[in-house]
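Residue-level listing of the chains:
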Amino acid sequence: MARPGLLALAIIFTAELTCSSVSATARHLTSSNPSPSVPFLAKQDATQTNPLLLDWDIPPYDLIKPDHLVPGVKTIVSQLEKDLAALESAAQPDYISLVRPLEKIYDRIQVFAYMMANYMRFDLVNFADPAGTASDLLDDLETKLWTSVPILNAFKAIQASSSYSTLTKSQQSVVKLYLEQAKQNGVELSAADKQKVKQIKEQLDTLGEQYAGNSVADYYVVQDMAQKKSVSVLPTTLTDMSGNLSSLTGLAENTLGKICFPADSDLGPTSLINHACDRSLRQEFYLADIQKSSSGSTDNGAVIEQMLTLRHDLAKLLGYDSFAKMTLGAKLEMVEGVLENLRKASKALSTEDIDDLKSFVQSVDPSAASDLKQWDVGYWKWIKNAGDPKFIDEYQDSVTPYFTLEALINQVFATVKKMFGVVIEPADGQAPVWHEDVRFFIVKDSEGQPLGHLFLDPYYRAGKYGGFWTSEIIVHSKTLTRPGQSVRLPAYLIGAAYTAPTPNTPTLMGFYEVFIIVYLNVIYVIWF
């Protein structure tokens, strides 16, 4: 799958963005440009049966079908290849005439890549067939873009020219980043070495898939072990210390026997490590969990060794001392410094935390305190904090009944407005969506001028990715503006897998879910 590269980020920073004054309009297919208040939506064309080939910024999600993907991408890639060839034949060491056409080509690659990645996350299409073919086409085109000798030579000439010093720092960064990306793609290597680079990257992709497959397989093996275990009884120490057990919600008995956490919780390895009263059981699952994918048919040890060797060989072929130098460059020393500072700070805090925990365990069970192991830490932390009304536990989440998704969204938006002066307004119906659950919002500044757009797909559906993720749909661009606009506004997606509400039961949020959605929204606002 084509991925956003360094050049895209640099181009965003060089766009010298301003915001246009706009007002919202309802979505419709039209034969003329819609109001610049919303993203440019698909123009009606009775002769065009594939909506991917219509003119749009926001993909026409309500019109696209899986069988549109391959033929649509083939057509788009064919046209972009012609555009790239035209740019190569006319490439001159002039920043504007080189970068702007390049941005147009790269933007289309990324818009389609993001769209298909999201289609995979939403389980709207089988990515192996046929969309895998489409993603391969985009990958091949992106490789051609990064390995274009005429474009590389034009960027080199710009950097070597006397006019280079007149470029802004951001524009100079674009030049440097393209040259770096070109080097990492082996543009100037011999044909034989280029083939070696290609083979190594293919091997790394295969090993990456093998690594992920082994990890997932072993996770489910351990998970299955957990589901078949019976957890021992609630300890009297917890009963004595907590006093009022009604404050500990969900302590109950289920078909697996008496447990130390809510009966309806996910009984997985982490649950057992942190909550099983039987110490030998905690040890068994701690060791099983940390030893996943370390033996047998799912052993990732050999996979990791091969990946390290291939990464080293790739870096050397491309002229770098190490893979870390290749991927981080001048940032390597800074990253190492940050990590060392973090290690020192966290070590002091963790030592203090463990000493405090040992004191507590000593007061409850001296024999346990004298032999506290890794598989005991989470368990005793849970017992220590269970009687504390301020404690919020993943399995004892007393805040859940007070946080509905709708109330949380409204409160987060209100907080964002207070902190950043940014207003996020519902605009459902003004842009196409891929499912009826999807919400659409317009993000405005304190004066009501639009900054961008936000899609929220909050609920679990069969086949949809779990957890939380974010994705761009389109990015800021001054080059790719429409008539009447000063800039193309971005559109962004937040995806989640909350339980959908029913007529009698709203979607309730746990502490960590609340934290994550607040985090995603704040990051999105800062991203503007």
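Fair warning: this is a prediction, and the values are worked out from it, not measured in the lab.

Here is what the cut-offs are and how they apply
- Starting from 1, residues in each chain are numbered consecutively following that chain's sequence as written.
- For this predicted model, a pLDDT threshold of at least 70 governs which residues receive local features, and a threshold of 80 or more governs which side-chain atom pairs are given and counted, while totals over whole chains, interfaces and linings are taken from all residues.
- Note: side-chain values were computed over all heavy atoms of the structure, leaving out hydrogens and water.
- Secondary structure elements are defined from DSSP: runs of H or I of at least 4 residues count as helices, runs of E of at least 2 residues count as strands, and each element is numbered from the N terminus.
- Relative accessibility thresholds used throughout: buried, under 20% of the residue-type maximum; exposed, over 50%; partly exposed, between the two (1.4 Å probe, protein chains only).
- Residue-level accessible areas treat just the shown protein chains as cover; the underlying method is Shrake-Rupley with a 1.4 Å probe.
- Expected span, for any helix, means 1.5 Å times one less than how many residues it has.
- Along the arc lie the directions from the helix axis toward the C-beta atoms.
- Only four residue types enter the charge count: Lys and Arg as positive, Asp and Glu as negative, with His and the chain ends excluded.
- A pairing counts as a salt bridge when a side-chain nitrogen of Lys or Arg comes within 4 Å of a carboxyl oxygen of Asp or Glu.
- Pairing of N or O atoms within 3.5 Å defines a polar contact, subject to two protein rules: one partner must be a possible hydrogen donor and the other a possible acceptor, and residues neighboring in sequence count only if both atoms are side-chain atoms.
- Any two residues whose heavy atoms approach within 4.5 Å at even a single point are treated as in contact.
- Lines fitted to C-alpha atoms define the axes, with helix axes restricted to the stretch in contact, and inter-axis angles between N-to-C directions lie between 0 and 180 degrees.
- Helix crossings are classified by the rotation of the near helix relative to the far one: an anticlockwise turn of less than a right angle makes the crossing left-handed, while a clockwise turn makes it right-handed.
- We call two strands paired when DSSP finds no fewer than two bridges between them.

J.: Is there a simple way to think about the overall build of the protein chain in this case?
T.: Counting its regular elements, the protein chain contains 17 helices and seven strands. Split into buried and exposed, the 528 residues of the protein chain put 43% on the buried side. About 26,800 Å² of surface is accessible on the protein chain, with carbon and sulfur atoms providing 54% of the total.

J.: Can you walk me through helix H11 (residues 301–317) in this structure?
T.: In a regular helix each residue adds 1.5 Å, so 17 residues correspond to 24 Å; H11 covers 25 Å between its end C-alpha atoms and thus fits that length. Buried within H11 are the following residues: Val 303, Met 307, Leu 310, Leu 314 and Ala 315. Projected onto a plane normal to the axis of H11, the buried residues spread over an arc of 135 degrees and lie on a single side. Of the residues one or two after H11, Gly 319 is the one with positive phi, at around 90 degrees.

J.: What exactly am I supposed to notice about the side chain of Arg 121 here?
T.: Considering the arrangement of structural elements, one finds Arg 121 in helix H3 (residues 95–121). Here Arg 121 is buried and forms no salt bridge, its nearest opposite-charge partner Glu 472 lying at an N-O distance of 10 Å. Side-chain polar atoms of Arg 121 contact the side chain of Asn 118, separated by 2.9 Å. If sequence neighbours within four positions are ignored, Arg 121 has contacts with Gly 463, Lys 464, Tyr 465, Trp 469 and Ser 471.

J.: How should I be thinking about unusual backbone geometry in this particular structure?
T.: Negative phi characterises most residues that are not glycine, and trans characterises most peptide bonds. For Ser 293, which is not a glycine, the phi torsion comes out positive at approximately 55 degrees. The topology assignment puts Ser 293 in the loop between helix H10 (279–290) and H11.

J.: Would you mind showing me how to read the packing of H3 against helix H6 (residues 169–184) here?
T.: The relative placement of two packed helices is expressed as an angle between their axes plus a distance between the axes. Relative to each other, H3 and H6 sit at 65 degrees, their axes nearing to 12 Å. As H3 packs across H6, the resulting crossing turns out to be left-handed. Facing H3, whose interface residues are Tyr 95, Val 99 and Leu 102, H6 presents Gln 171, Val 174, Val 175 and Tyr 178.

J.: Looking at this structure, I do not really get the sheet that holds strand S6 (residues 469–474). What am I missing?
T.: Working definition: the strands of a sheet are paired by backbone hydrogen bonds and lie parallel or antiparallel to each other. Taken together, the five strands give an open sheet; going across it, the order is S3-S4-S5-S7-S6, and neighbouring strands pair in mixed fashion. Sheet topology places strand S3 (423–426) and S6 at the edges, where each strand pairs with a single neighbour. The average angle at which neighbouring strand axes cross in this sheet is 25 degrees, direction not considered. As judged from the six bridges shared by strand S4 (residues 439–444) and strand S5 (residues 450–459), these two strands associate in the antiparallel manner. In the sheet register, Val 443 faces S5, and the bridge partner there is Gly 452. In the packing of H3 onto the sheet, the strands contacted are S6 and strand S7 (491–498), and the crossing angle to S6 comes to about 140 degrees.

J.: How should the pattern of salt bridges be read in this particular structure?
T.: Opposite charge on two side chains lets them pair, provided their charged atoms get close. The tally for this structure, following the rule as stated, stands at 22 salt bridges. Measuring nitrogen to oxygen at the nearest pair gives 3.5 Å for the salt bridge that ties Arg 108 to Asp 107. For Arg 108, a relative accessible area of 17% puts it in the buried group. Of the residues examined, Asp 107 reaches a relative accessible area of 9% and is grouped as buried. Here Lys 464 ties to Asp 457 by a salt bridge, and the two come within 2.9 Å at their closest N and O atoms. Overall, the relative accessible area of 6% leaves Lys 464 in the buried class.

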